[in-house]
Amino acid sequence: MSSGTTRPPTFQDKRSRPDQVSFSQSHSQHQHSNAESRKRSTSVNPRSTSRHVEERRTEKVQVTTRETLMTRTRSPDRREGAKQRAAEPRSRDMRQDAPPQEKKKRKTRPPWEPEATLLPHTTAPLASRISIPPLASTAPQTLQPKPFHDLSLEAQEAVIIEDLLFVFMGYEGQYIRFGKGYNPNEERDRLSGPTWRILPGLDPSLQDLTQSMLRMAAHYTALETFVDVQSREEFGSVNHALCASIRKLLQEYLVMVAQLETQFLTDDSFTLHVLNIHVLPTSHMMHQVYGLAHELLKRNALLDDESDESSDGGDDYDHILEQLREGGELVPGNMTGKKITKGGVVLGLITKRLESMSGDPAARALLTTLLRDASKPYMAMLNEWLHHGGINDPHSEFLIKEQRSIRRERLEQDYTDEYWERRYTIRDHDVPPQLEGVKDKVLLAGKYLNVVRECGGVDVSLQVKHVPTSFDDNRFLDNVNNAYAHANESLMQLLLTTHQLPARLRSLKHYFFLDPSDYFSYFLELGASELRKPVKSVNTGKLQSLLDLVLRQPGSIVALDPFKEDVKVEMNEINLTKSLHRVVNITGIEQGEALQPLTSNQPVESDKAANGFTSLQIDYSVPFPVSLVVSRKTVWRYQALFRYLLSLRYLESQLSTTWQTHTSGFVWCHRSSSRMLEIWKRRVWTLRARMLVFVQQLLYFCTAEVIEPNWQALMARVREREKPPQQEQQQQAGAGEQNGTTLPTPTTSPNLHHYPLKSTHIRPGLTRTVDELMQDHVDFLDTCLKECMLTNSKLLRIHSKLTQTCTIFATYTNWLSRELEKTDPDLSGHHRPPNMSEEQWRVFQSVRSQKPTDASFMEGQQQQQQQQGVDKMASLFDLIRKWEDNFSKHLQILLDALNHYAATETVVLLSLCARLSTANAGSGYTGRGEYGQGQVDGVGVQNGGGGMEGGDVRMGGV
């Protein structure tokens, strides 16, 4: 070895902290410590010196070198003196050997003095900050070693072993140097690992062994750079833990290199073959770690070419936008836009590699250690989430993603359950394989505890003890299951006991389903004058005062309700049918999708003819965490059902008022001498009776056969606690027999929701979860909406036409009474008809006298009526025929549609079809398969008139 050859600083030199350290000084520091190696390199008989003396001298030199190192790093003067002393023998040799011209040229050439500098800080706190040493090929010719052909075989082995010890630590040797295409200043090249080349002339027997060991040196350099790069802040805590574990392995690797150097200096029998045998297990270990690191680097696109990066520009923008949406910052180290492999993906790669290497005991032990160390920060986040409901994830690597912008203060305006469904979500692509089967439990456990924590039910200051800290712990799955059961039980008890969820649900039933309806009937009577006004003229404050007065009326069930303060009166200018049509058309619920409410940001044209009765709706406010179950989405469903039931009750009251007018009004009670007029009145009575039967049967079906059975099923699910399936089936069967009601049977349609199908039995020993309770509540409301025909656009249109026909008929009752009085010849004259008693005539005269009329007008009207009596009678018959045709036709269309949907979707509609068929009995449209052109002939009129009285008597009984 040449005495003037310079070496880069060794692993111990990296610990010095001066700003600049001369590489020439580094050579001087190692000059004495490597004296024996120089002897072995240059001597013909390297084994001739005493081994005992070498050991004693080496020990002394090491102590002296450490003391000298400290003094040299702190004294610039001594450093300059050391440079001069190191340069003196070199200059003497140059003066003695070189010719005069060469000596003159060397005096003018600047000295080759490479220096190591400190690099700037990075986000990796333990990354090496020492600059890259210059390449050995750039050293002056005087520092180049002797060629191999000038050395003996034993000397070649000695120098190549010495070079390998430096190459193992990532530095160039005298005869082993970096390949031509390798640039140590490029991070991409260092991550791939250097290629090595051996100077020509080495004996082939030594060259083959040397080449086999150089691969381990390349792996070390790549892993050292990998640790520095992956330890940066943006790569996450799992990568940091993995790098810390790899750093421990590299430290043990350097210890091995130091031990090999000691054997080389002290053992005469230490040969290149012995060195190869010693490094074989370590080489295998480095190869496994390098393979894992190489795969991670490829996932992070740190080994790709620039052309590959430019081809994925679209993904870069998407990743940057995702980071901005998550509230992250675009730091300089993260501006590449590439999605960094971190968190669960890293653990998944280690797990996958561990499975593929399960047949190699050494690789399995190594990868198990790496997985255990890398999973510790992930397990810390998992335990925090499972046992405290909090997320401590600064690098967005946990499998649960938190949207901090969604806060619980927005629950009052949240019509989509955004807080519960989108505040915490699963990163499906970042789930470790160990959590793939229980990821839903992990999500729910943390969500439940988060709610309990916000209500003050979790002490976050308590330390979680006796929990697994890595994935290889046998208690890992038990920890998840126990935490899930505890969180579910805590939130369930909080909802059912502390916040009285069953009482809340019963309160909702009282107010929205009008059960009982005595208080609301009283409220409608008190506010009738205000509710008759146009919707924009209604005084909501006055109605709220009337409702508060009614709710506090003694003797009513709602007077004892502790939540009556949460009920508010409001007006909705949008017609119910239009609102439901808009919702159905937007969400496509007929195709089986979820029903989403119509929010205020979706404009709908308001109904100009709407009044207080058609626009009245009530609102219900609930506190957190009950608002998770009774959310704005569910309250909208309650409001839709309430408005539908209220419209039916209001229409029933209008038809009942019409019935009262027909039964008590003198104009309708008087038996006219005109037979055609009596037939007309009987047709009006029959039509009114059919309309009233339609409304009452529809209202009974919605309340008694749809809402009440599903309500009982919902409350049974709320009360369920650890019941075996057989016991639960027996209780449900017994309850059904006792109540005399039959729950709807399962349908064959796979698209539409049907609440009874959701009743999944709970396995013994497990309680129902909060999410199942929330889903049961939503399913109950969706089923009620569907079976009440509010989620089918075709049924909505038919139902709207029928109710509109009934409303117009009830509204025009007074007009029909006036027309009847004008048309009846007995009531239009001033003389008592023969079929009217004196008492009846006096009553009629008193009623007519209250109307402001003059004698001349009455005489002219009487003459006109006598002349046009036949024409008026025909017009009245034509009017009632149109009403009958319109009502009968649409009722038959509704019956046919109900038969169709009962056979294909909801079998419970068969009951409604049977009930409504009585309202259409005797009409000309009964049993028709096509509608529209049939007209009622004279026989039909006679039959309708003849069958009227029985129907009128039945309605009178009602």
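Residues numbered from 1 in each chain as written. Predicted model: local features only at pLDDT ≥ 70, side-chain atom pairs only at ≥ 80, totals over all residues. Heavy atoms only, no water.

(A) Expanded view of the overall build of the protein. The helix and strand inventory of the protein stands at 37 helices and eight strands. Burial analysis of the protein (958 residues in total) assigns 49% to the buried set. Pairs at least 24 apart in sequence give 75% of the contacts found in the protein among residues at least 6 apart. Looking at the protein as shown, the accessible area adds up to about 47,300 Å², and 51% of this sits on carbon and sulfur atoms. (Helix = DSSP H or I, 4+ residues; strand = E, 2+ residues; numbered from the N terminus. Buried < 20%, exposed > 50% of the residue type's maximum accessible area, 1.4 Å probe, protein only. Contact = heavy atoms within 4.5 Å. Areas by Shrake-Rupley, 256 points an atom, 1.4 Å probe, with all protein chains shown as cover.)

(B) The nonpolar core, seen in detail. Among the nonpolar cores identified, the biggest contains 215 residues, and F168, L275, I400, V442, W680, F694 and L894 are the most heavily contacted of them. Sorting elements by how many residues they give to this core places helix α27 (residues 675-718) first, with 21 residues. With residues up to four places along the chain from it excluded, the contact list for L894 reads F694, M789, L795, I798, L802 and L916. (Core = buried A, V, L, I, M, F, W, Y, C linked by side-chain atoms within 4.5 Å.)

(C) Up close: the environment of D871. Considering the arrangement of structural elements, one finds D871 in helix α34 (residues 855-904). The spatial distance from the C-alpha of D871 to the C-alpha of T823 is 9.9 Å, given a sequence separation of 48 residues.

(D) Looking closely at the side chain of R504. The topology assignment puts R504 in helix α18 (residues 501-512). Here R504 falls in the buried class, since its relative accessible area comes to 6%. Here the side chain of R504 touches Y620 through a polar contact of 3.3 Å, side chain to side chain. (Polar contact = N/O pair within 3.5 Å; in protein donor to acceptor, adjacent residues only side chain to side chain.)

(E) Up close: the pairing of strand β8 (residues 616-620). Most of β8 sits inside the fold, with five of its five residues counted as buried. Alternating positions in β8 separate into two faces, L616, I618 and Y620 on one and Q617 and D619 on the other, with burial throughout.

(F) Broad picture of helix α13 (residues 344-356). Taking 1.5 Å per residue as the helical rise, α13 with its 13 residues ought to reach 18 Å, and the 18 Å between its terminal C-alpha atoms agrees with that figure. Summarising burial for α13: 10 of the 13 residues are buried, a large majority. For α13, the set of buried residues is G344, V345, V346, L347, G348, L349, I350, T351, R353 and L354. (Expected span 1.5 Å × (residues − 1).)

(G) Seen up close, unusual backbone geometry. Following F624, the chain continues to P625 via a peptide bond in cis, the omega torsion being 10°. Looking at where P625 falls in the secondary structure, it is placed in the loop between β8 and α24 (626-629). Non-glycine residue L514 carries a positive phi angle of around 55°. Residue L514 is classed as buried on the basis of its relative accessible area of 4%.

(H) Fine view of the confidence of the model for the protein. The predicted model of the protein averages 74 in pLDDT, with 67% of residues at 70 or higher. Mean pLDDT across the elements of the protein bottoms out in helix α37 (residues 948-957) (31) and peaks in helix α9 (residues 236-266) (94). In the model, residues 103-107 has pLDDT below 50 throughout and makes seven contacts with residues more than four positions away in sequence or in other chains. Counting interchain partners and residues more than four positions distant, the pLDDT-below-50 stretch residues 852-858 has three contacts. (pLDDT = per-residue confidence, 0-100.)

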